[in-house]
Amino acid sequence: MYDLEELEAFVSVVRTGSLTASTRDLGCPKSTLSRRIRQLEEAVGQPLLLRQSRKVVPNDAGRVFYRYSNDILELAARGREALDELKEEVSGRLELCCHESLVRGWFAGVVEAFMDEYPDMRVALHTQQRVPEKLDNGICLWLGAVPECPLRQERLGLLAQSVYASPGYLEQAGLPATPGELGRYAWVDMLNRHGGGTVLHNSAQGTYPLSAPERQFTVDQFCVQGDAIAAGRGLGLMPDWLVEQRMRAHPGSFRRCLPDWRGPDLPVTLLYPHGHLPRRVRAFIAHLRSSVPMAWLAGPCLAEGIVPDTGTDHVNT
């Protein structure tokens, strides 16, 4: 009988083609990974991998054994899950990390609904401005690009972005008619997000490279950026969905500028550990997937001055 950790090491190296990448994938030292591969090759009785310059590839025996290794690991995982379903309750402690822009309102409601369904759960919710390096007993929900990390990544949707300002600010400064006019406005930007400029997109006219003006107000949280824009400090590129959430509580606080132009989409990503997950973590992931707003999967609304209203629609996956 083959050791499952050795099989996992072999499968990971074949997939990544790199021992270094597989150490991040599995969260183990390179020496441990190499030892597991060596022990598996000894158990099989022949080499399985070829070292070619900077890449590791399977030989003929490795390609054949890789298929069976996948089957063994999948069967073992299904067996563990079936046994867990018989003995494991959705209870205990759950660690939830969420990007600061998503935690208020929507995600807090998702967590409350989960705790109502599983009253024996103890949940700790952490607001994040950085992706955690490690998750022992929970998940992380992130907005924007995900830096390199050893966690499994699952994209839940995309948030379209547009240029917004407060109606009061536009009454004084005027409404921009083209992207080329944006340079004359004050700009409220996220710290280090668009420092090198960004690109606006138009389905008919293509792209327009946008550089933020020198005189700008820079913040490090979307909620602070929204407060500053609503207070009339200038224009800013914000996710349409976040603006829509604020508009429900404060109608008329934002107006969309250049409705035919949009900024780069921001991915919403679910992060969680590799390997077998406790039932409480699997239960929350399933609950979260069923609570994804439809607006995260829909295209941007191009109607002038209108922010799409997603209501309470959700998508099941």
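Please refer to the structure higher up on the page.
These numbers come from a predicted model, not from an experiment. (Residues numbered from 1 in each chain as written. Predicted model: local features only at pLDDT ≥ 70, side-chain atom pairs only at ≥ 80, totals over all residues. Heavy atoms only, no water.)

### A closer look at the overall build of the protein chain
Under the convention used in this document: Numbering goes from the N terminus for both helices and strands, where a helix is a DSSP run of H or I of at least four residues and a strand is a run of E of at least two. For every residue, the accessible area obtained with a 1.4 Å probe (protein chains only) is divided by the maximum for its type, and the residue is called buried under 20%, exposed over 50%, and partly exposed between those limits. It only takes one pair of heavy atoms within 4.5 Å for two residues to be counted as in contact. Per-residue and other accessible areas were derived by the Shrake-Rupley procedure at a 1.4 Å probe size, with only the shown protein chains allowed to occlude residues.
Along its length, the protein chain carries nine helices and 15 strands. Considering the protein chain as a whole, with its 317 residues, one finds that 45% of them fall into the buried category. Put simply, 75% of the contacts in the protein chain that link residues at least 6 apart link residues at least 24 apart. Only carbon and sulfur atoms are counted for the fraction: they give 49% of the accessible area of the protein chain, which is about 16,600 Å².

### Describing the nonpolar core
Heads up, the rule is: By nonpolar core we mean a set of buried residues, namely Ala, Val, Leu, Ile, Met, Phe, Trp, Tyr and Cys, connected to one another through side-chain atoms within 4.5 Å.
Ranked by internal contacts, the top residues of the largest apolar core, which has 34 residues, are Leu102, Phe107, Ile139, Leu141, Phe284, Leu288 and Trp296. Where this core is concerned, the elements lending two or more residues are strand 3 (92-99), helix 5 (100-117), strand 5 (138-143), strand 6 (152-165), helix 8 (240-249), strand 13 (263-272) and helix 9 (279-289). If one sorts the elements of this core by residue count, helix 5 sits on top with seven residues. In this structure, leucine 102 is in contact with Phe107, Leu141, Leu143, Trp241, Leu242, Val268 and Trp296, ignoring residues within four places of it in sequence. Judged by nonpolar contacts, the second largest core, of 15 residues, contains Ala9, Val11, Val14 and Leu49.

### Here's the deal with the layout of surface pockets
In this approach a probe as big as a water molecule rolls over the atoms, and the regions it shows empty are the leftover space. This is how it is decided: Computed over the protein atoms alone on a 1 Å grid, cavities are sets of points where a 1.4 Å probe fits but cannot get out and pockets are open sets with protein on both sides within 12 Å along at least five of seven lines; a residue lines them when it has an atom within 4 Å of a point. Grid points are joined across faces, edges and corners, and a volume is the space filled by probe spheres set on the points.
There is about 730 Å³ of room inside the largest pocket. Forming the boundary of the largest pocket are 26 residues, of which Glu8, Arg152, His274, Gly275 and His276 lie nearest the centre. Residue assignment for the lining of the largest pocket shows that the elements contributing at least two residues are helix 1 (4-16), helix 2 (19-26) and helix 4 (60-87).

### Topic: helix 3 (residues 30-44)
Formally: Helix span, as expected, comes to 1.5 Å for every residue beyond the first.
Taking 1.5 Å per residue as the helical rise, helix 3 with its 15 residues ought to reach 21 Å, and the 21 Å between its terminal C-alpha atoms agrees with that figure. Within helix 3, the full set of buried residues consists of Thr32, Leu33, Arg36, Ile37, Leu40 and Glu41. Positioned one or two residues after helix 3, glycine 45 has a phi angle of 95°, which is positive.

### Quick look at the environment of proline 293
Within the fold, proline 293 resides in strand 14 (residues 292-293). Accessibility expressed as a relative area gives 4% for proline 293, which makes it buried. Placed 52 residues apart in sequence, proline 293 and tryptophan 241 show a C-alpha to C-alpha distance of 9.3 Å.

### Things to note about the pairing of strand 2 (residues 55-58)
The test is simple: Strands were regarded as paired on the criterion that DSSP finds at least two bridges between them.
Where strand 1 (residues 49-52) lies against strand 2, four bridges are found, and the strand directions are antiparallel. For glutamine 52, the partnering residue across the bridge sits in strand 2 and is lysine 55. As consecutive antiparallel partners, strand 1 and strand 2 are separated by two residues, and within that stretch serine 53 has a phi angle of approximately 45°, a positive value.

### Details of the packing of helix 2 against helix 3
Between two packed helices, both the angle of their axes relative to each other and the distance between the axes serve to describe the pair. For clarity, the threshold we go by: Structural elements are reduced to axes, namely lines fitted to C-alpha atoms, with helices fitted over the stretch in contact, and the angle between N-to-C directions of any two is expressed from 0 to 180 degrees. For this classification, under 35 degrees means roughly parallel, over 145 means roughly antiparallel, 65 to 115 means roughly perpendicular, and everything else is oblique. For this classification, Asp, Glu, Lys and Arg are treated as charged, while Ala, Val, Leu, Ile, Met, Phe, Trp, Tyr, Cys and Pro are nonpolar and the rest, including Gly, are polar.
Contact geometry of helix 2 with helix 3 gives a least axis separation of 9 Å together with a crossing angle of 105°. Looking at the two axes, helix 2 sits roughly perpendicular to helix 3. Judged by residue contacts, Leu19, Thr20, Ser22, Thr23 and Leu26 of helix 2 engage Lys30, Leu33 and Ser34 from helix 3. Class assignment of the residues belonging to the contact of helix 2 with helix 3 gives a composition of three nonpolar, four polar and one charged.

### Digging into the pattern of salt bridges
For clarity, the cut-off: Between Lys or Arg on one side and Asp or Glu on the other, a salt bridge is scored when a side-chain nitrogen of the former is within 4 Å of a carboxyl oxygen of the latter.
Summed over all chains, the structure comprises eight salt bridges. Its salt-bridge partner being glutamate 154, residue arginine 289 comes within 2.8 Å of it at the nearest N-O pair. Pair noted here: arginine 289 is in helix 9 and glutamate 154 is in strand 6, with a separation of 135 residues, a long-range link.

### Side note on the packing of helix 1 against helix 3
Their axes nearest at 8 Å, the elements helix 1 and helix 3 cross at an angle of 105°. When the axis of helix 1 is compared with that of helix 3, the two are roughly perpendicular. Residues Glu5, Glu6, Leu7, Ala9, Phe10 and Val13 of helix 1 form the contact with helix 3, whose own contacting residues are Leu33, Arg36, Ile37, Gln39 and Leu40. Partitioned by chemical class, the residues of the contact of helix 1 with helix 3 number seven nonpolar, one polar and three charged.

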